[in-house]
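Residue strings, one per chain:
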Amino acid sequence: MTVGNMDSAELFDAGKKGRGLRAREHLNAGDVVFSESSFSAVVFDSLVTKVCHSCFRQQADLHRCAQCKFAHYCDRTCQTACWSEHKHECGAIRKTGKAPSESVRLAARVLWRVHKDTGIVSDSQLISVDQLKDHVTDLPEEGLKQLQTDVLTFFAYWSHGRKQHSVEYISRLFGIIKCNGFTLSDQRGLQAVGVGLFPNLCLVNHDCWPNCTVILNHGNQSALSSALHSQRRVELRAVGKISEGEELTVSYVDFLNLSADRQKHLRESFHFECTCQHCSEKISDDLMTATAEKDGSKPSADKVKEINALSKEYLEKIDIARVDRDYHKVVTLCCDCLEKQENVLADTNLLKLRVFSITSEVLSFLRNFSEASVYARRMVEGYTKLCHPNNALLGMATMRAGVTHWHGGQIEAGHKFICKAYGILMVTHGPNHAITKDLESMRTQTELELKMFKDDEKKYQSMRDAALEITV
């Protein structure tokens, strides 16, 4: 499917939800419903020197724009490809002497694009930027104060001599970005690195158990000529079968939260009350707060309350230790917390799953793969009971479990997890995403190693031990 092709989706009146998109044809899991290039996008303030401002990949030794000395790029081809988006920004930064915050930079980039293309950049764009919802009138007092500060900063930054706009118009623009901005991840999908505006994507309504997922495709930037680069874009991908005429939905929030917490987040950030089936019927809330059962009996309500409070205290200490990079302390705190949680909280309990995730991650970092694999496996088992079978979070967790088991010498389990993760991410990310390509290489490698293991276990273990000695 080419970028901008909207043959599989159409705009419709979604009733109380307002506008929405629905399928124009039958779709299967993994189908790309549509791709859309960003209208405008910026790198987060904290990562301006570490992420390419064109393709949003994290790279070492980025080249800095010689004029504004702010924007950074992989190389000259990435810089050339981004010049039409950066040129006004470059002049504004040189004029004011410094770059403003990411929200102000994105608002300015959006407005420069609106002036250039009147808010419609292609025939496939279903709605102009000015027609998107802003919800400025719904902002709390603190949000309004921040908005006023951003608007004042914007006017100081906006190039002199260009068309001027009212405070009301610029306030609406910031409101549109706040409600509709899409977080961009790096090429491995492991870290949020920026934010962009995608008008067609903004039309896809929320559901806590959606039939689609969104992934950032960074495009191909390997060509010597920037004219041959493919643009960064989001892809809306079906996670299961979708019937013709069925509404297309994505989740605006992480499903792994209680329905009340998801609804609260949606009210505060997106200004609507979620009435999806999973919220209305509180589906999976019981699993997310489940208690352990031993010999047919469950812990008392007072004991559960005590361990819940204790878990939250531990998680606060764990987060502090992670920020301080005291990873051995993190492991000690996690193990102490899990000992307290055992026989009280079930493995699907959100508090326990969070500790599983941190423990497996940090133990893997410390190269204690054998122990890490135990927690990674329990984490995946918990996620499997809670998540949609083609949930990207489940796919990433399963990949981590596969790598952990593989590195821990459990080649059969490692290969099985990696194959399962590959199947999920082929749906959510597609075959050309960097993560999927990595998984394909892992799957091939573990398949070879598994064959060696079955042919001659002693020879395989000897080869593996030698390889680990080299990498240590």
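Residues numbered from 1 in each chain as written. Predicted model: local features only at pLDDT ≥ 70, side-chain atom pairs only at ≥ 80, totals over all residues. Heavy atoms only, no water.

By the naming in an unreviewed UniProt entry, the protein chain goes by [histone H3]-lysine(4) N-trimethyltransferase and is assigned to Champsocephalus gunnari.

Participant: I'd like to hear about the pairing of strand 1 (residues 9-13), residue by residue, with values.
Facilitator: Where strand 1 meets strand 2 (residues 19-23), five bridges bridge the pair, whose relative direction is antiparallel. The residue of strand 2 that forms the bridge with E10 is R22. (Pairing = 2+ DSSP bridges. Helix = DSSP H or I, 4+ residues; strand = E, 2+ residues; numbered from the N terminus.)

Participant: Break down the side chain of N211 for me, citing the residues and quoting the values.
Facilitator: Relative to the assigned elements, N211 resides in the loop between strand 9 (205-206) and strand 10 (212-217). Its relative accessible area of 12% is what places N211 among the buried residues. Within the structure, the side chain of N211 is placed 3.3 Å from the side chain of E246, a separation counted as a polar contact. Once residues within four sequence positions are removed from consideration, N211 is found in contact with R237, A238, V239, G240, I242, E246, E247, L248 and T249. (Buried < 20%, exposed > 50% of the residue type's maximum accessible area, 1.4 Å probe, protein only. Polar contact = N/O pair within 3.5 Å; in protein donor to acceptor, adjacent residues only side chain to side chain. Contact = heavy atoms within 4.5 Å.)

Participant: Report on the side chain of E247, specifying residues and quantitative values.
Facilitator: Mapped onto the secondary structure, E247 falls in the loop between strand 11 (233-238) and strand 12 (249-250). Judged by its relative accessible area of 17%, E247 falls in the buried class. Within polar-contact distance, the side chain of E247 engages the side chain of N205 at 3.0 Å. Excluding residues that lie within four positions of it along the chain, E247 makes contacts with F12, A14, K17, L21, R22, N205 and N211.

Participant: So what about the sheet that holds strand 7 (residues 182-185)? Which residues, and what values?
Facilitator: Spatially, the three strands line up as an open sheet ordered 4-8-7, and their pairing is antiparallel. At either end of the open sheet lies a strand with only one pairing partner, and these are strand 4 (40-43) and strand 7. On average, each strand axis in the sheet is inclined to that of its neighbour by 30 degrees, with strand direction left out of account. Both strand 7 and strand 8 (residues 192-197) contribute to a ladder of four bridges, which runs antiparallel. Bridging from a neighbouring strand, F182 pairs with G196 of strand 8. (Axes fitted to C-alpha atoms, helices over the stretch in contact; angles between N-to-C directions.)

Participant: Talk me through the pattern of salt bridges; I want residue IDs and the actual numbers.
Facilitator: Inspection of every chain in the model, using the stated rule, returns 23 salt bridges. For K264, the salt bridge identified is with E268, shortest N-O distance 2.8 Å. Taken together, the residues K264 and E268, both in helix 5 (residues 259-270) and four residues apart, mark about one turn of the helix. What makes K264 partly exposed here is its relative accessible area of 43%. Here the residues in one salt-bridge network are E342, D347, K352 and R378, joined through shared partners. (Salt bridge = Lys/Arg side-chain N within 4 Å of Asp/Glu carboxyl O.)

Participant: Residues and numbers for the UniProt feature "domain: MYND-type" (unreviewed entry) in the protein chain, please.
Facilitator: The positions UniProt marks with the feature "domain: MYND-type" (unreviewed entry) are residues 52-90. Helix makes up 38% of residues 52-90 and strand 10%. Its end C-alpha atoms lie 15 Å apart. (UniProt positions renumbered as here; feature names shortened; annotations may be inferred.)

Participant: So, the sheet that holds strand 11: which residues are in play, and what are the values?
Facilitator: As summarised here, the arrangement of the three strands in space is 3-11-10, forming an open sheet in which the pairing is antiparallel. Pairing within the sheet leaves two strands with one partner each, and these edge strands are strand 3 (32-37) and strand 10. Within this sheet the neighbouring strands show an average axis-to-axis angle of 20 degrees, counted without direction. Bridging between strand 10 and strand 11 involves six bridges; their strand directions are antiparallel. Bridged to L216 within strand 11 is V234. Of the strands in this sheet, strand 10 and strand 11 are in contact with helix 13 (residues 411-428), which crosses strand 11 at around 115 degrees.

Participant: Describe the nonpolar core, and please don't skip the residues or the numbers.
Facilitator: Membership of the largest hydrophobic core comes to 71 residues, with the highest contact counts inside it found for V33, F34, V110, F154, F174, L236 and L248. At eight residues, helix 2 (residues 102-117) tops the list of elements feeding residues into this core. The next biggest cluster of nonpolar side chains, apart from the first, holds 43 residues, and it includes V253, C274, V344 and A376. (Core = buried A, V, L, I, M, F, W, Y, C linked by side-chain atoms within 4.5 Å.)

Participant: Please give an account of the environment of L132 that cites residues and values.
Facilitator: Note that L132 resides in the loop between helix 2 and helix 3 (141-157). Here the alpha-carbon distance between L132 and S159, two residues 27 residues apart in the chain, equals 25 Å. Not counting chain neighbours up to four residues away, the residues in contact with L132 comprise R19, I127, R172, I176, N180, L197, P199 and C202.

Participant: A description of helix 10 (residues 350-365) should follow, citing residues and the corresponding values.
Facilitator: End to end, helix 10 covers 23 Å across 16 residues, agreeing with the expected 22 Å (1.5 Å per residue, within 8%). With twelve of 16 residues buried, helix 10 lies mostly within the body of the structure. If you check which residues of helix 10 are buried, you get L351, K352, L353, V355, F356, S357, I358, T359, S360, V362, L363 and S364. Those residues of helix 10 that are buried are in contact with helix 8 (301-323), helix 9 (327-341), helix 11 (369-386) and helix 12 (392-407). For helix 10, the capping residue at the N-terminal end is N349, with a side-chain oxygen 2.9 Å from the backbone nitrogen of L351. Just downstream of helix 10, R367 is the residue with a positive phi angle, here 65 degrees. (Expected span 1.5 Å × (residues − 1).)

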